[in-house]
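# Coordinate inspection notes
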Amino acid sequence: MADRIERIEVRIVSVPLPAPVAWSNVKVSEREYVLVWIRTADGGTGLGFTVGSRFRGGAAVIRSAIENALSPVIVGRDPAEIERLWEEMSFETLLLGARGAVTRGLSAIDIALWDLLANRAGLPLCDILGRYRLRVPAYASGGYYYHDDPEADLENLEEEVRRHVDLGFGAVKIKIGRLPIRDDLRRVERVLEAVGPGVKVAVDCNHAWTDASSAIRDLRLLDDLGLWWIEEPVLPDRMKASARIAAELATPVATGEIEAGLASFQRLIDTGAADILQPDATVVGGITEWVKIAHAAEAQDIALAPHWVPDIHVHLGAATPNVEMLEYFHAGVGVLNFETLLEETLGFENGELLVPPRPGHGIRLDQDAVDRFEVN
């Protein structure tokens with residue numbers, strides 16, 4: 001007799017940052033995470049998670065979506081039927097939103113189902129997906145705005161990227177878009193000088209511009225610097241604007257970190273809105289949808305650079321040839337403090353993240369930390 005899903009547990013944690021950080025149009029001092037456990041009748045467990053919104057309380061909306069809209073669809077069902085469960089959850093919540101809290105909740109459940117499946121098989125998640133490699137290249141993400149004084153930020157920025165290079169990273173990413181473009185140009189030039197010619201440098205705009213014309217005008221000042229990519233100059237659903245920017249600039253454009261669903265990414269591909277796509281498994285609809293997006297991108301010879309939490313994306317990158325690099329936040333840098341909740345962080349050697357050898361996705365939560373940071 002097939003196993004069945006007995007219950008779903010949801011907890012919210014809010015983890016303070018060491019210091020407030022800012023990017024183009026936002027300043028934050030904490031991050032919320034939604035943790036999901038799927039328990040089955042035969043004692044199996046799968047762990048999933050997603051990230052709350054930038055404002056306090058956004059995670060509660062995700063929890064409500066999980067408990068009231070998504071859980072009733074799958075409790076009592078066979079957890080191995082991941083594709084079917086995804087399809088039914090998506091259909092039942094069709095009128096509640098194809099992006100945002102509902103899809104983030106679905107993402108967390110889907111990740112938990114895949115973790116459960118791999119745990120039951122006694123294999124790492126990447127082996128269940130079809131392993132391509134065991135080490136995945138990574139870049140150091142950071143370069144936030146920490147101070148109101150641009151000069152103080154420049155010194156902090158230079159020290160940070162030098163430290164990343166010393167740790168073995170061959171690529172870094174910094175923020176732009178909060179300051180006038182010529183001040184941001186100084187940030188970029190300072191970083192290029194600090195890391196030297198052998199290190200790739202990307203810049204993340206966090207949709208600082210509202211239209212293609214102003215973005216093109218300003219970003220032309222960066223276009224001859226040999227940058228690795230310019231990320232999210234406009235919102236991802238401003239696809240025609242992003243396509244215009246990609247067509248006008250020599251520097252590759254990357255986007256997709258807050259986009260959800262295969263159909264949306266297919267439109268990004270069809271409109272030529274991005275040279276590099278950045279799907280996030282905790283946002284797009286989980287692993288099930290992420291894999292479909294990766295295959296659609298591969299069919300068009302488009303590389304992926306997954307957004308955020310590398311602890312889940314290391315398995316997806318290990319099973320996906322067109323993943324160019326993973327985003328990695330070194331301890332104390334930036335807004336991703338998920339590792340505060342973990343018993344053990346990912347191994348890192350010579351610019352590559354190592355796939356954990358444990359069954360499932362290998363994420364092991366520190367229960368004391370979860371208890372300490374839990375919010376109702």
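Residues numbered from 1 in each chain as written. Predicted model: local features only at pLDDT ≥ 70, side-chain atom pairs only at ≥ 80, totals over all residues. Heavy atoms only, no water.

## With respect to the overall build of the protein
From N to C terminus, the protein includes 13 helices and 14 strands. The globule rule puts the C-alpha radius of gyration for 376 residues at 21 Å, and the 20 Å found for the protein is close to it. The principal-axis extents of the C-alpha atoms in the protein amount to approximately 65 × 40 × 40 Å. Counting the 376 residues in the protein, one finds 57% classified as buried. Counting only contacts in the protein whose residues sit at least 6 apart along the sequence, the fraction spanning at least 24 positions is 72%. When the accessible area of the protein is evaluated, it comes to approximately 14900 Å², of which 49% is carbon and sulfur surface. With 37 positive and 58 negative side-chain charges, the protein shows a spacing of 2 Å between the two charge centroids. (Helix = DSSP H or I, 4+ residues; strand = E, 2+ residues; numbered from the N terminus. Rg over C-alpha atoms; globule rule 2.2 N^0.38 Å. Buried < 20%, exposed > 50% of the residue type's maximum accessible area, 1.4 Å probe, protein only. Contact = heavy atoms within 4.5 Å. Areas by Shrake-Rupley, 256 points an atom, 1.4 Å probe, with all protein chains shown as cover. Lys, Arg positive; Asp, Glu negative; His and termini not counted. Charge placed at Lys NZ, Arg CZ, Asp CG, Glu CD.)

## Some words on the packing of helix 7 (residues 212-219) against helix 8 (residues 239-248)
Close contact between helix 7 and helix 8 brings their axes to 9 Å; oriented N to C, the two are set at 30 degrees. Looking at the two axes, helix 7 sits roughly parallel to helix 8. Relative to helix 8, the crossing made by helix 7 is right-handed. Residues A212, S213, A215 and I216 of helix 7 form the contact with helix 8, whose own contacting residues are A241, R244, I245 and E248. (Axes fitted to C-alpha atoms, helices over the stretch in contact; angles between N-to-C directions. Parallel < 35°, antiparallel > 145°, perpendicular 65-115°, else oblique. Left-handed = near helix turned anticlockwise from the far one by under 90°.)

## Let's talk about the pairing of strand 3 (residues 45-51)
With six of seven residues buried, strand 3 is to be regarded as a mostly interior element. In the sheet, strand 2 (residues 27-40) pairs with strand 3 via seven bridges, with the strands oriented antiparallel. Bridge pairing in strand 3 places V36 opposite G48. The antiparallel hairpin formed by strand 2 and strand 3 contains four residues in its connecting segment, where G43 sits at a positive phi of about 95 degrees. (Pairing = 2+ DSSP bridges.)

## A closer look at the pattern of salt bridges
Using the criterion set out here, one finds 27 salt bridges in the structure. A salt bridge links R131 to D127; the shortest N-O distance between them is 2.6 Å. The exposure class assigned to R131 is partly exposed, which follows from its relative accessible area of 43%. You can call D127 partly exposed: its relative accessible area is 26%. Linking E327 and K173 is a salt bridge whose minimum nitrogen-to-oxygen distance equals 3.0 Å. Taken together, the residues E327 in strand 11 (residues 326-328) and K173 in strand 5 (residues 171-175) connect sequence positions 154 residues apart. (Salt bridge = Lys/Arg side-chain N within 4 Å of Asp/Glu carboxyl O.)

## A few points about the sheet that holds strand 2
With respect to topology, four strands assemble into an open sheet ordered 3-2-1-14, the strand pairing being antiparallel. Each edge of the open sheet carries a strand with a single partner, namely strand 3 and strand 14 (374-375).

## Side note on the environment of R162
Considering the arrangement of structural elements, one finds R162 in helix 5 (residues 150-166). Owing to a relative accessible area of 39%, R162 belongs among the partly exposed residues under this scheme.

## Focus on the environment of I12
Relative to the elements of secondary structure, I12 occurs in strand 1 (residues 5-22). For I12, the contacting residues outside a window of four places in its chain are Y33, V34, A59, A60, R63, F373, E374 and V375.

## Topic: the packing of aromatic side chains
Applying the stated rule across the entire model yields ten aromatic pairs. Ring geometry for F49 versus F338: centroids 4.7 Å apart, planes at 25 degrees, classification stacked. Of this pair, F49 sits in strand 3 while F338 sits in the loop between strand 11 and strand 12 (347-349); the two residues are 289 residues apart in sequence, bridging distant segments of the chain. Across the pair, F338 and F49 agree in class, each one buried. Their ring planes at 25 degrees and their centres at 4.3 Å tell us that F169 and F348 sit as a pair that is stacked. With F169 in the loop between helix 5 and strand 5 and F348 in strand 12, this residue pair connects regions lying 179 residues apart in the sequence. Since its relative accessible area comes to 3%, F169 is described here as buried. Residue classification places F348 among the partly exposed residues on the basis of a relative accessible area of 22%. Here a set of aromatic residues connected by ring pairs shows up, and it is made of Y33, F49 and F338. Lying over the aromatic face of Y145, R187 brings its terminal NZ or CZ to 4.1 Å of the ring centre. The ring centre of W86 lies 5.7 Å from the NZ or CZ of K292, which sits over that ring. (Phe/Tyr/Trp six-rings, centres within 6.5 Å; stacked < 30°, edge-to-face > 60°. Lys NZ or Arg CZ within 6 Å of the ring centre and 35° of its normal.)

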